[in-house]
Amino acid sequence: MKTSSTLKLVIMRELRERGKSAAYIASTIITTVLILVAILLPTILGGSTEYSIGMVGDDNQEIVDLAIDIENNGEDPEDETVFTVSSYESVEAAEAALSSEEIDAALVDGSEILLRSAAGASGDDLSDLLQYAASTLEIDRLVSTAGSDADVVDILAGEPLGLRTLEGVASEENQARTVIAYGGLMLMYIAVLSYGAWTLTGVTEEKSNRVVEVLLATVKPWQLLAGKVIGIGALGLAQFVFTAVAALVTLRLAGTFDLPAFPTDSLVMLILWFLLGFAMYSLLFGAAGSLVSRMEDAQSASTPLTLVALVGFFMSFVVLDNPDGTLAIVMSFVPFTAPFVVPVRFALESISMVALVGSVVVAIGFIIGATFLAGRVYAGGLLQFGSKLKWREALQSADA
């Protein structure tokens, strides 16, 4: 039988058996429900929201007063939003208060909003509220002075107040890219480890119940491993996309978070590195699963790989603070950390095209090497039963 046909059979077997399993269906439902509950819980529970606004200069009070009226108009007194307003002598003083989290946003001379960062924080909702209040005041002024309809349309289509963060001028695209950087990092870590663990437990399960002995009579070890990685990867990606779409739809309908329009290139880059990262870790997780004969030992077999991913994940937060630093550049070319680092640097527009292509080439080269190594470990460990094998022992068994 041709290699392609064999791989197709193995992949379809994984899709059919695991896609219909109670564990897969239950994990999809539970994950989706937990995310939806987390999104809807603040709306269901209600309660008061608190905003702290700083004001610098003139022409601020009218905007703030209208924003308070708009937010609390018709609200239950128990659910009213609480506003704390403070005045500052200078922009520098307001920036210091914003940096120390004494305030959520500062309004400067009735023309600019100052936020702590472009990431999704409480200041974003407050910023939208202030923009709406400023737009309403501008329209009222135009109506009172017999302004043209075109002027009204311009106000409705744009934002009357400038937006700036402590890092510099903010834009809708910058905010979207920052959301992708933070959110993508979290999702990448959860997805790679979760779906990598599926591969490990799947291999260990087949080895412990001796199913693998039957499979190896007609399928080569590397074909079995590759088909398993691709099949589980497809199921994982399907679950990943389903959960993400459900979350986005719920966010839109609930209105609990004002989602920006995400740049397509950042989303494509996130998906690309999800696939590369999953391939890297799943191949090694599959090889690790072949080293043990009992499900109880699967956890210990995966510990080294989990720790490596954990280190890469936490080190990536350093990249978020300094995406152009030496550490960020080096981590972009380390296969185990690149899936977490490169999408973040790309979203923050801190990686050149040459470095991006280079990191992808290194990752693909590592996957090719990992396929060879994992295939040999997998072949040497599958038919070895008893105590846990070491990687070297599995390689030696494959050579025998």
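Report on the accompanying structure. In this convention, every chain numbers its residues from 1, walking through the sequence in written order. Owing to the predicted nature of the model, reporting of local features is limited to residues with pLDDT of at least 70; listing and counting of side-chain atom pairs is limited to 80 or more, with chain, interface and lining totals taken over all residues. Neither water nor hydrogens contribute to the side-chain values; these are computed over all heavy atoms in the structure.

## Some points on the overall build of the chain
At step 1: Every helix listed is a DSSP run of H or I at least four residues long, and every strand listed is a run of E at least two residues long, numbered separately from the N terminus. In terms of helices and strands, the chain carries 15 helices and six strands.
At step 2: Throughout, exposure labels follow a simple rule: accessible area from a 1.4 Å probe, protein chains only, divided by the maximum for the residue type, with under 20% read as buried, over 50% as exposed, and the rest as partly exposed. Relative to its full complement of 400 residues, the chain shows a buried share of 43%.
At step 3: Counting contacts in the chain only where the partners sit at least 6 residues apart, residues at least 24 apart contribute 76% of the total.
At step 4: Computed by Shrake-Rupley with a 1.4 Å probe, the accessible areas treat only the displayed protein chains as cover when residues are assessed. Here the chain displays about 20100 Å² of accessible surface, and carbon together with sulfur accounts for 62% of that area. Any two residues having at least one pair of non-hydrogen atoms within 4.5 Å are treated as being in contact.

## Some details on helix H10 (residues 264-289)
At step 1: Multiplying 1.5 Å by the helix residue count minus one yields the expected span of that helix. Between its first and last C-alpha, H10 extends 37 Å over 26 residues, near the 38 Å set by a 1.5 Å rise per residue.
At step 2: Within H10, 19 of the 26 residues are buried, which leaves the element mostly enclosed by the surrounding structure.

## Some thoughts on empty space enclosed by the protein
At step 1: A 1.4 Å probe that fits but cannot get out identifies a cavity on a 1 Å grid over protein atoms alone, an open set with protein on both sides within 12 Å along at least five of seven lines counts as a pocket, and a residue lines either if it has an atom within 4 Å of a point. Grid points are joined across faces, edges and corners, and a volume is the space filled by probe spheres set on the points. Applying the stated criterion to the full structure yields one cavity of 30 Å³ or more.
At step 2: Reported here for the largest cavity is a volume of approximately 30 Å³.
At step 3: Residue lining of the largest cavity: Trp-222, Leu-225, Ala-226, Leu-283 and Thr-371, and that is the complete set.
At step 4: Looking at the lining of the largest cavity element by element, the count peaks at three residues for helix H9 (residues 221-254).

## Comments concerning unusual backbone geometry
At step 1: With a phi angle near 65 degrees, Asp-59 is a residue other than glycine that sits in the positive phi range.
At step 2: Looking at where Asp-59 falls in the secondary structure, it is placed in the loop between strand E1 (50-56) and helix H3 (61-72).
At step 3: With a phi angle near 55 degrees, Asp-109 is a residue other than glycine that sits in the positive phi range.
At step 4: Along the chain, the position of Asp-109 falls in the loop between strand E3 (105-108) and strand E4 (112-115).
At step 5: Assessed through its relative accessible area of 43%, Asp-109 is described here as partly exposed.

## Considerations on helix H13 (residues 338-347)
At step 1: With 10 of 10 residues buried, H13 is to be regarded as a mostly interior element.
At step 2: Of the residues making up H13, those classed as buried are Ala-338, Pro-339, Phe-340, Val-341, Val-342, Pro-343, Val-344, Arg-345, Phe-346 and Ala-347.
At step 3: The positive-phi residue at the C-terminal boundary of H13 is Glu-349, with phi of around 55 degrees.

## Description of the environment of Glu-92
At step 1: Relative to the helices and strands, Glu-92 is located in helix H4 (residues 91-99).
At step 2: Once the C-alpha coordinates of Glu-92 and Val-56 are considered, the two residues, 36 residues apart in sequence, prove to be 9.7 Å apart.

## Structural notes on the pairing of E4
At step 1: Any two strands are treated as partners once DSSP identifies two or more bridges connecting them. Pairing between E3 and E4: four bridges, direction antiparallel. Paired with Ala-106 across the two strands is Leu-114, which belongs to E4.
At step 2: The antiparallel hairpin formed by E3 and E4 contains three residues in its connecting segment, where Asp-109 sits at a positive phi of about 55 degrees.
At step 3: Where E4 lies against strand E5 (residues 162-165), four bridges are found, and the strand directions are parallel. Within the sheet, the bridge partner assigned to Leu-115 lies in E5 and is Thr-165.

## Some details on the pattern of salt bridges
At step 1: Whenever Lys or Arg places a side-chain nitrogen within 4 Å of a carboxyl oxygen from Asp or Glu, that contact is recorded as a salt bridge. If you walk through the whole model with that rule in mind, you get five salt bridges.
At step 2: In this structure, Glu-14 engages Arg-18 in a salt bridge whose closest nitrogen and oxygen atoms are separated by 2.5 Å. In this pair, Glu-14 and Arg-18 both sit in helix H1 (residues 3-19), four residues apart, roughly one turn of the helix.
At step 3: For Glu-14, the salt bridge is made with Lys-228, and the minimal N-O distance between the two is 2.7 Å. Here Glu-14, found in helix H1, pairs with Lys-228, found in helix H9; they are 214 residues apart in sequence, far enough to count as distant.

## Structural notes on the nonpolar core
Where a protein is soluble and globular, its nonpolar side chains tend to be buried together.
At step 1: What we call a nonpolar core is a set of buried Ala, Val, Leu, Ile, Met, Phe, Trp, Tyr and Cys residues that are connected through their side-chain atoms within 4.5 Å. Formed by 60 residues in total, the largest nonpolar core has its most connected members in Met-188, Leu-224, Trp-273, Tyr-281, Leu-283, Phe-340 and Leu-356.
At step 2: Listed by contribution, the elements that provide at least two residues to this core are helix H7 (172-208), helix H8 (211-215), H9, H10, helix H11 (298-321), helix H12 (326-331), H13 and helix H14 (353-381).
At step 3: Per-element accounting of this core gives the leading share, 14 residues, to H10.
At step 4: Once residues within four sequence positions are removed from consideration, Tyr-281 is found in contact with Val-192, Leu-305, Val-308, Ala-309, Phe-336 and Phe-340.
At step 5: If you look at the next biggest cluster of nonpolar residues, it comprises 20 residues, including Leu-107, Leu-115, Leu-130 and Leu-163.

None of the figures reported here should be taken as evidence of function without further support.
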